[in-house]
Amino acid sequence: QKEVEQDPGPLSVPEGAIVSLNCTYSNSAFQYFMWYRQYSRKGPELLMYTYSSGNKEDGRFTAQVDKSSKYISLFIRDSQPSDSATYLCAMKVGGGSNYKLTFGKGTLLTVNP
Amino acid sequence: NAGVTQTPKFQVLKTGQSMTLQCAQDMNHNSMYWYRQDPGMGLRLIYYSASEGTTDKGEVPNGYNVSRLNKREFSLRLESAAPSQTSVYFCASSLTGGTTDTQYFGPGTRLTVL
């Protein structure tokens, strides 16, 4: 079983829809959870960062972590065509100055006008 | 402030040729990383450098070497390129490499090995 599982999609939604993106993980040592957004032919950029169970909101984006179920989600409200990108979840184990960031494979999202 | 820059943007090699991918950051970050991204495989860490003068292997180091030239620059070398090394290569940097640290990525180098 891979440490991080993410449905690659593709996911296609109409403009204004609520989008739900998900990852599951198997390593209970993961403590820090991130969502990166990657536009076509660009490098990933950090979108959301959380280290505890519960919700974290930033504008139209909400990151949710359920450590008991080893499940994280990213919700996008009022989705826009500019949200069309690949979304990568990433996780890391806490502690120390060197760490390993483990990525999901990414979900390709298209928001249609 | 350019962030993380990578050169070249594109490269085509023949099997057995060598090349060096260059990466530089202007954010005064201590830690730097090299990843490869392949369809269906996601991002995988090749090597990282926690600080100037140190390098460590990541998940897929075979066939690669790295040099942390100074605090700003971290290069990735393919000594004898193979078709399996066809990929998109990303360099990233972070301030400390600590638990709450954020990695910033460059735009990538698209490498094809024939």
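Look up a bit, the structure's there.
Engineer: Help me out: how do you make sense of the overall build of chain A in this one?
Structural biologist: The secondary structure content of chain A amounts to zero helices and 11 strands. Listing each helix as α and each strand as β along chain A from the N terminus yields β-β-β-β-β-β-β-β-β-β-β. Taken over C-alpha atoms, the radius of gyration comes to 14 Å for chain A, in line with the 13 Å a tight globule of 113 residues would show. Each principal axis of the C-alpha distribution contributes one length, and for chain A these read about 45 × 30 × 25 Å.

Engineer: I'm lost on the state of the cysteines in this one. Help?
Structural biologist: Scanning the model with the defined rule gives two disulfides over all chains in all. Each sulfur in the disulfide pair A:C23 and A:C89 lies 2.0 Å from the other. As the torsion about the S-S bond is roughly -100 degrees, the A:C23-A:C89 disulfide counts as left-handed. With A:C23 in strand 3 (residues 19-25) and A:C89 in strand 9 (residues 85-93), this residue pair connects regions lying 66 residues apart in the sequence. A relative accessible area of 0% means that A:C89 is categorised as buried. In this model, B:C23 is linked to B:C91 through a disulfide, with the two sulfur atoms separated by 1.9 Å. Classification of the bridge connecting B:C23 and B:C91 rests on its S-S torsion, roughly -70 degrees, and on that basis the disulfide is left-handed. Here B:C23 is found in strand 3 (residues 19-25), whereas its partner B:C91 is found in strand 9 (residues 87-94), with 68 residues between them in sequence. Given a relative accessible area of 3%, B:C23 falls into the buried group.

Engineer: Any chance you could explain unusual backbone geometry here in plain terms?
Structural biologist: Excluding glycine, most residues fall at negative phi; most peptide bonds, likewise, are trans. Omega for the bond connecting A:G9 with A:P10 falls within 30 degrees of zero, at 5 degrees, which places this linkage in the cis form. Relative to the elements of secondary structure, A:P10 occurs in the loop between strand 1 (4-6) and strand 2 (11-14). Cis geometry marks the peptide bond from B:T7 to B:P8; its omega dihedral reads -5 degrees. Along the chain, B:P8 falls in the loop between strand 1 (4-7) and strand 2 (10-13). Phi angles above zero are rare outside glycine, and A:R41 is one such case at about 65 degrees. With a phi close to 55 degrees, A:K70 is a non-glycine residue in the positive phi region.

Engineer: What's the story with the interface of chain B and chain A in this structure? I'm lost.
Structural biologist: Often the size quoted for an interface is simply the accessible area lost on bringing the parts together. The partner chain A presents 22 residues to the 24 residues of chain B that form the contact. In total, about 1800 Å² of surface goes out of reach between chain B and chain A, with carbon and sulfur atoms giving 53% of it. Here chain B and chain A share zero salt bridges between them. Along the contact surface separating chain B from chain A lie three residue pairs in polar contact (both at pLDDT 80 or more). Of all the elements in the fold, those that place two or more residues in the side of chain B that touches chain A are strand 4 (31-38), strand 5 (42-49) and strand 9 of chain B. Considered class by class, the residues forming the side of chain B that touches chain A number 10 nonpolar, 12 polar and two charged.

Thresholds applied
Residues numbered from 1 in each chain as written. Chains lettered and ligands numbered in written order. Predicted model: local features only at pLDDT ≥ 70, side-chain atom pairs only at ≥ 80, totals over all residues. Heavy atoms only, no water. Helix = DSSP H or I, 4+ residues; strand = E, 2+ residues; numbered from the N terminus. Rg over C-alpha atoms; globule rule 2.2 N^0.38 Å. Disulfide = S-S within 2.5 Å. Buried < 20%, exposed > 50% of the residue type's maximum accessible area, 1.4 Å probe, protein only. Contact = heavy atoms within 4.5 Å. Buried area = accessible area lost by both parts, 1.4 Å probe. Salt bridge = Lys/Arg side-chain N within 4 Å of Asp/Glu carboxyl O. Polar contact = N/O pair within 3.5 Å; in protein donor to acceptor, adjacent residues only side chain to side chain. Nonpolar A, V, L, I, M, F, W, Y, C, P; charged D, E, K, R; others polar.

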